[in-house]
Amino acid sequence: PQFSDDLDATTTSYSILALALWRSKQIDIGEKAAVEALAHIKTMPDKRGLYTLLGYGALAELMIEIWATHPNTSKRADFKKYAEEALAMFKESTSILVTGKAWYWRCVGMTYWLNGDRQKAEQWWQKALSIALASEMRYEETIIRVLIAQHITKNPVERRSTLQKAADTFKQLGAKYDEIRVRELL
């Protein structure tokens, strides 16, 4: 897609298309679209703005997801590098917008988790959770609680309870992909 008159629409459309392809298990085309989205977004002159935030956030989250889950483990190193690039751009896009900070900090926590630093991951997720709670962002709060339950919480009863509440919240919010993903963890 190309929307020469609207950089925000271009940024977001590239990222969302790549995310949709990857999550619908179209691995090869999703991977290609993600790399193309990154190449395109690197050319954007200004990475700050409410609508641009969506594109950068979706791309950073996607690159982290591919890094964590790519079925071809030899490609994960490439996507780790791409994730770091996308995360740097995402950070810039959140520099003036509080609304993106919880999402950005959640992504930072995930990179620490993937690098094996459980303590730093938890610190970033707690930081993200604090701002999500203060800003009353239920969706973001729930995503963060899922990560903490999935990766940090040791008590299985507490973990299950948190995941069940999260599934219920996602259902209330109409976030079907997230609801299904969390129910698979139960």
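Here, every reference points to the structure presented above.
Presented here is a report on the structure given in the accompanying data block.

Some thoughts on unusual backbone geometry
Of note in the backbone geometry, Lys25 takes a positive phi value of approximately 70 degrees without being a glycine. Among the secondary structure elements, Lys25 is positioned in the loop between helix H1 (7-23) and helix H2 (27-42). Using a relative accessible area of 67% as the deciding quantity, one classes Lys25 as exposed. Phi at Glu136 takes a positive value of approximately 55 degrees, unusual for a residue other than glycine. The topology assignment puts Glu136 in the loop between helix H6 (118-134) and helix H7 (138-151). Given a relative accessible area of 70%, Glu136 falls into the exposed group.

A few points about the environment of Glu85
Here Glu85 shows up in helix H4 (residues 76-93). Taking relative accessible area as the criterion, Glu85 reaches 25% and is therefore assigned partly exposed. Separated by 22 residues in sequence, Glu85 and Met63 place their C-alpha atoms 9.2 Å apart.

Some details on the nonpolar core
Within the largest apolar cluster, 47 residues are counted, with the highest numbers of intra-cluster contacts made by Met63, Leu87, Phe90 and Trp125. Elements that contribute at least two residues to this core include exactly H1, H2, helix H3 (50-69), H4, helix H5 (101-114), H6 and H7. The contact partners of Leu87, leaving out residues within four places of it in the chain, are Ala60, Ile64, Tyr104, Cys107, Val108 and Thr111. Residues Ile143, Val146, Leu163 and Ala175 belong to the second largest nonpolar core, which totals 9 residues.

Brief notes about the pattern of salt bridges
What the rule picks out here adds up to 12 salt bridges. When the shortest N-O distance is used, the salt bridge between Arg145 and Glu141 registers 3.0 Å. Here Arg145 pairs with Glu141, and both are found in helix H7, just 4 residues apart, close to one helical turn. Residue class for Arg145 comes out partly exposed when judged on its relative accessible area of 35%. Classification of Glu141 by relative accessible area gives buried; the value is 18%.

Section: the environment of Asn155
Residue position: Asn155 is located in the loop between H7 and helix H8 (156-173). Among the residues examined, Asn155 registers a relative accessible area of 38% and is labelled partly exposed. A distance of 3.0 Å separates the side chain of Asn155 from the backbone nitrogen of Glu158, its partner in a polar contact.

Brief notes about the side chain of Thr94
Mapped onto the fold, Thr94 is located in the loop between H4 and H5. Engagement of the side chain of Thr94 in a polar contact is seen with the backbone oxygen of Lys91, the distance being 2.9 Å. Once residues within four sequence positions are removed from consideration, Thr94 is found in contact with Leu53, Gly100, Lys101 and Tyr104.

Thresholds applied
Residues numbered from 1 in each chain as written. Predicted model: local features only at pLDDT ≥ 70, side-chain atom pairs only at ≥ 80, totals over all residues. Heavy atoms only, no water. Helix = DSSP H or I, 4+ residues; strand = E, 2+ residues; numbered from the N terminus. Buried < 20%, exposed > 50% of the residue type's maximum accessible area, 1.4 Å probe, protein only. Core = buried A, V, L, I, M, F, W, Y, C linked by side-chain atoms within 4.5 Å. Contact = heavy atoms within 4.5 Å. Salt bridge = Lys/Arg side-chain N within 4 Å of Asp/Glu carboxyl O. Polar contact = N/O pair within 3.5 Å; in protein donor to acceptor, adjacent residues only side chain to side chain.

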